[in-house]
Amino acid sequence: MADNDPSEEAQVSSASDMTPEGGVDADVGDSPYRNLLVPLILVPAMIVVILLLVPLLMGTLYGKEASMDENLQRVLQGGANERTQAAFALVEQLAENNRALLMEEEVPWEVTDELQQNMASALDGLDAEEAQLQYVLASALLYLGDPAGLEGLRAILALGEDADPGAELRFQALLSLGIRGEDRSFKDVANFLSSEDTGLRTVAVGCLRFFSKELAQPSLREALGDNDLSVRLNAAIGLSWLGDPAGASILRDGAGMELYEAERDRDSARYARKDIVRDNRVKAIEALVRLQRPEDLAFLEAISANEEDLEVREAALRVIKTSE
């Protein structure tokens, strides 16, 4: 996904060690995501939950010493702070199980038969003001395959600004649903393509490529006309994953510097970070490679010969080597 200043399969546990794969974020002005690197990676839902929770997990009172069932009991019966900390610990345990499965190792935490049922009961019993805890439990249930998880995340997507300041939970819920690419969630994600919030539009369009081509392609093509550059770039990159060259001209522009310089001329806060611009250019080049259009070869050869940025030049050189 294109990089905003505000990710194929990856084995990750936090935003800090994620490698974006397939998308672009831009500095999104007054969006709450101007300092958030939007990932576009195909990972289990529990790993995505950790994006939001890792900073809060530090110093948690209840961690690895308590079993998953014990942490859930604290969610059900503890005080406000105790419930929240126990929920975070529970999610971290599920994430550790996920990482073990990805590495084909023995899972460290036992998931009992009663755990899922009790978790669904806990979700159902939450008060309206406990939106963050609702997100945590809903994401955990989605990972466990419980329908209550999907309904819980849909409720998160319907939150207003008072319940979800800065749309942070809605952003995370979109990501949790979007990267799974399940047909039943397509409308939940696609509905945000018309959001006034640029960050929500960006993550929605960036996740479309995980859905079937039949569902995703029309919406991605329409998003090529969005008024925000990061959305257009993400749409073009998403189409490249589907083998559709409809966004190739946007990708060629995204591989150069002029597009970002023009954006910066209009607003000095946009694309001010060199690393964001570099990452976007590399991702645009990688998307052109996926399309394998003969007419792009000379363009990429020119970048490999003349580009001053080493990482961008190396990305183009990799293209040349694979075409030889």
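Since the structure is predicted, the reported quantities are computational estimates derived from the model, not experimental observations. (Residues numbered from 1 in each chain as written. Predicted model: local features only at pLDDT ≥ 70, side-chain atom pairs only at ≥ 80, totals over all residues. Heavy atoms only, no water.)

Caption draft 1: Seen up close, the overall build of the protein chain. What the protein chain contains, in helices and strands, is 16 helices and zero strands. Buried residues in the protein chain amount to 54% of all 324 residues. Accessible area of the protein chain: about 14,600 Å², with a carbon and sulfur share of 47%. (Helix = DSSP H or I, 4+ residues; strand = E, 2+ residues; numbered from the N terminus. Buried < 20%, exposed > 50% of the residue type's maximum accessible area, 1.4 Å probe, protein only. Areas by Shrake-Rupley, 256 points an atom, 1.4 Å probe, with all protein chains shown as cover.)

Caption draft 2: Representation of helix 10 (residues 213-223) in the model. For helix 10, every residue scored as buried is listed here: A216, Q217, S219, L220 and A223. Those residues of helix 10 that are buried lie in contact with helix 8 (186-190), helix 9 (198-207) and helix 11 (229-241). (Contact = heavy atoms within 4.5 Å.)

Caption draft 3: View of the packing of helix 12 (residues 248-255) against helix 14 (residues 274-291). The contact between helix 12 and helix 14 brings their axes to 7 Å, and the two run at 140°. It follows from the interaxial angle that helix 12 and helix 14 lie oblique. As helix 12 runs across helix 14, the sense of the crossing is left-handed. Contact residues: A248, L251, R252, G254 and A255 in helix 12; N280, R281, A284, I285, A287, L288 and L291 in helix 14. (Axes fitted to C-alpha atoms, helices over the stretch in contact; angles between N-to-C directions. Parallel < 35°, antiparallel > 145°, perpendicular 65-115°, else oblique. Left-handed = near helix turned anticlockwise from the far one by under 90°.)

Caption draft 4: Representation of the packing of helix 10 against helix 11. Relative orientation of the contacting elements helix 10 and helix 11 amounts to 145°, with a least axis distance of 8 Å. Between helix 10 and helix 11 lies a crossing of left-handed hand. Of the residues in helix 11, those in contact with Q217, L220, R221 and A223 of helix 10 are V231, R232, A235, G238 and L239. Looking at the contact of helix 10 with helix 11, its residues break down into five nonpolar, two polar and two charged. (Nonpolar A, V, L, I, M, F, W, Y, C, P; charged D, E, K, R; others polar.)

Caption draft 5: Fine view of the pattern of salt bridges. Evaluation of the coordinates by the stated rule reveals 18 salt bridges. In this structure, the salt-bridge partner of R270 is D228, at a minimum N-O distance of 3.5 Å. Of this pair, R270 sits in the loop between helix 13 (258-266) and helix 14 while D228 sits in the loop between helix 10 and helix 11, and the two are 42 residues apart along the sequence. Both residues of the pair, R270 and D228, belong to the buried class. A salt bridge links R281 to E307, with the shortest nitrogen-to-oxygen separation between them at 2.5 Å. Of the two residues, R281 sits in helix 14 while E307 sits in the loop between helix 15 (297-306) and helix 16 (310-323), which places them 26 residues apart along the sequence. In this pair, the class of R281 matches that of E307, namely buried. One salt-bridge network, held together by shared partners, links D228, E263, R266 and R270. (Salt bridge = Lys/Arg side-chain N within 4 Å of Asp/Glu carboxyl O.)

Caption draft 6: Inspection of the environment of L239 at higher detail. Here L239 lies in helix 11. Sequence separation between L239 and Q217 is 22 residues; the distance between their C-alpha atoms is 6.8 Å. Among residues more than four places away in sequence, those in contact with L239 are Q217, L220, R221, L224, D244, A246 and G247.

Caption draft 7: Structural context of the nonpolar core. Counting 81 residues, the largest nonpolar core has M119, V189, L208, L220 and I285 as the members making the most contacts within it. Sort the elements by how many residues they give to this core and helix 5 (residues 131-143) lands first, with nine residues. Once residues within four sequence positions are removed from consideration, L208 is found in contact with F186, V189, L193, A216, S219 and L220. (Core = buried A, V, L, I, M, F, W, Y, C linked by side-chain atoms within 4.5 Å.)

Caption draft 8: Spatial organisation of the confidence of the model for the protein chain. Mean pLDDT over the protein chain works out to 79, with 78% of the residues at or above the 70 mark. Ignoring residues within four places in sequence, the model shows residues 5-22, a span with pLDDT below 50, making 66 contacts including any to other chains. Note that residues 27-64 has pLDDT below 50 and, in this model, 147 contacts with residues that lie over four places away or in other chains. (pLDDT = per-residue confidence, 0-100.)

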